[in-house]
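# Per-entry structural report
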Amino acid sequence: MSELSTQNISSTLSLSTTQKNQGSATATTGPDLKPKKKICCACPDTKKLRDECIVEHGEAACAKWIEAHIQCLRAEGFNV
């Protein structure tokens, strides 16, 4: 009887540890994270390409660069 109880306890402990680990991973990657940079300083490479394209070709011709910059900002934690 004690062997069965020990197995149940160890299973419960490992399950609760796994759930805690999954919860902490979700909390650090969730959408509630605040960006570490100001939006003006985030994604300088895509911002430069986007801006140059708009100046030279107009906004309508630069949809792919605009979208690339938006995706970069979202990856940095901005809600755009």
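Provided above is the structure to which this section pertains.
Notes on the structure in this doc start here. The structure displayed is predicted, hence computed values, not measured ones.

On to the overall build of the protein chain. Helix and strand counts for the protein chain come out as 3 helices and 0 strands. Scanning the protein chain from its N terminus toward the C terminus, one meets helices and strands in the order α-α-α. Relative to its 80 residues, the protein chain shows a buried fraction of 11%. Long-range contacts, defined as pairs at least 24 residues apart, comprise 51% of the intrachain contacts of the protein chain with a sequence gap of at least 6. Carbon and sulfur atoms provide 58% of the accessible area of the protein chain, an area that totals close to 6600 Å².

Note that Ile70 resides in helix 3 (residues 63-75). For Ile70, a relative accessible area of 24% corresponds to the partly exposed category. Residues Ile70 and Cys43 lie 27 residues apart in sequence; the distance between their C-alpha atoms is 9.2 Å.

The rules behind these values
- Residues numbered from 1 in each chain as written.
- Predicted model: local features only at pLDDT ≥ 70, side-chain atom pairs only at ≥ 80, totals over all residues.
- Heavy atoms only, no water.
- Helix = DSSP H or I, 4+ residues; strand = E, 2+ residues; numbered from the N terminus.
- Buried < 20%, exposed > 50% of the residue type's maximum accessible area, 1.4 Å probe, protein only.
- Contact = heavy atoms within 4.5 Å.
- Areas by Shrake-Rupley, 256 points an atom, 1.4 Å probe, with all protein chains shown as cover.

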